[in-house]
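Structural overview for review
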Amino acid sequence: DSIISYLRGLLLRTQPMVGVAKLEAQFDKEFEDRWTDRSIPGWQEPTRNDPLFSLPSNKLFASKAVFESHKTGKMYKKKVEEMQRLPFEEQKKLLEVVDSEDKRIAGLESRAAKWCDLLRDTIDETVQYLQKKQSQTAEEMEMEKDIDSDEEEDDGV
């Protein structure tokens, strides 16, 4: 969420005339359409269908070994028991919670990607500038500083 706030602020600083509210409304509409179609990269299948997802503990594991180890733990077994005692409607609500969390995370990823696409030129120019600065020798930096100071004096005349 903080990366989205940063990118939004960057757009407002670099392009203050852009209608951010309109852009965000467009992002949200596009996200809803793509979410309904299941066409968001990485989110075609719900997390709960992943073989490494544990519904009782609401965790997605990176490897099968860690997942299997988790399943042998006391907390996992306790949560499985608790879940089995829940009525069917409550179990369905747990799935809805997982699905809503998927949608929230996918929305954040989608919005961050949209902001990055919108600011791609600014980001690329910044990276190029920093790479140039980092590769300069002390003499080159001094020459550039002298040129900049000469330009400032010319502007003041």
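Before reading on, note that the structure itself is shown above.
The following refers to the structure shown. (Residues numbered from 1 in each chain as written. Predicted model: local features only at pLDDT ≥ 70, side-chain atom pairs only at ≥ 80, totals over all residues. Heavy atoms only, no water.)

**A look at the overall build of the protein chain**
Assigned secondary structure in the protein chain consists of seven helices and two strands. Ordered by position in the sequence, the α and β elements of the protein chain form the string α-α-β-β-α-α-α-α-α. In summary, the protein chain has a C-alpha radius of gyration of 25 Å against a globular reference of 15 Å for 157 residues, an excess of more than 25%. The principal-axis extents of the C-alpha atoms in the protein chain amount to approximately 85 × 40 × 20 Å. Classification of the 157 residues of the protein chain by burial places 22% in the buried group. Just so you have it, the protein chain exposes about 11700 Å², and 54% of that area is on carbon and sulfur atoms. Each charge class in the protein chain can be summarised by its mean position, and for the 25 positive and 35 negative side chains these summaries are 15 Å apart. (Helix = DSSP H or I, 4+ residues; strand = E, 2+ residues; numbered from the N terminus. Rg over C-alpha atoms; globule rule 2.2 N^0.38 Å. Buried < 20%, exposed > 50% of the residue type's maximum accessible area, 1.4 Å probe, protein only. Areas by Shrake-Rupley, 256 points an atom, 1.4 Å probe, with all protein chains shown as cover. Lys, Arg positive; Asp, Glu negative; His and termini not counted. Charge placed at Lys NZ, Arg CZ, Asp CG, Glu CD.)

**What to know about the pattern of salt bridges**
One pass over the full model with this rule turns up 15 salt bridges. A salt bridge links Lys93 to Glu90; the nearest nitrogen and oxygen atoms lie 3.8 Å apart. Of this pair, Lys93 and Glu90 both sit in helix H5 (residues 88-118), three residues apart, which is roughly one turn of the helix. What makes Glu90 partly exposed here is its relative accessible area of 34%. Among the salt bridges present, the one from Arg120 reaches Asp124, with a minimum N-O distance of 3.7 Å. Of the two residues, Arg120 and Asp124 are both situated in helix H6 (residues 120-135); the distance of four residues between them amounts to about one turn of the helix. Taking the relative accessible area as the measure of exposure, Asp124 reaches 33% and is therefore partly exposed. (Salt bridge = Lys/Arg side-chain N within 4 Å of Asp/Glu carboxyl O.)

**Side note on the environment of Lys114**
In this fold, Lys114 is placed in helix H5. When its relative accessible area of 22% is taken as the criterion, Lys114 is described as partly exposed. Separated by 107 residues in sequence, Lys114 and Leu7 place their C-alpha atoms 9.8 Å apart.

**Observations regarding the nonpolar core**
Within the largest apolar cluster, ten residues are counted, these being Ile4, Leu7, Leu10, Leu11, Val20, Leu23, Phe27, Ala112, Trp115 and Leu119. Those residues within four positions of Leu119 in sequence are excluded, and the remaining contacts are Leu7, Leu10, Leu11 and Thr14. Membership of the second largest hydrophobic core comes to five residues, among which are Trp35, Ile40, Trp43 and Ala106. (Core = buried A, V, L, I, M, F, W, Y, C linked by side-chain atoms within 4.5 Å. Contact = heavy atoms within 4.5 Å.)

**Here we look at the packing of helix H1 (residues 2-14) against helix H2 (residues 20-37)**
Relative to each other, H1 and H2 sit at 140°, their axes nearing to 11 Å. Here H2 runs oblique to H1, going by the angle between their axes. Considering the relative orientation of H1 and H2, their crossing is right-handed. Counting all contacts with H1, which are made through Arg8, Leu11 and Leu12, the residues of H2 involved are Val20, Leu23 and Glu24. Of the residues in the contact of H1 with H2, the class split is four nonpolar, no polar and two charged. (Axes fitted to C-alpha atoms, helices over the stretch in contact; angles between N-to-C directions. Parallel < 35°, antiparallel > 145°, perpendicular 65-115°, else oblique. Left-handed = near helix turned anticlockwise from the far one by under 90°. Nonpolar A, V, L, I, M, F, W, Y, C, P; charged D, E, K, R; others polar.)

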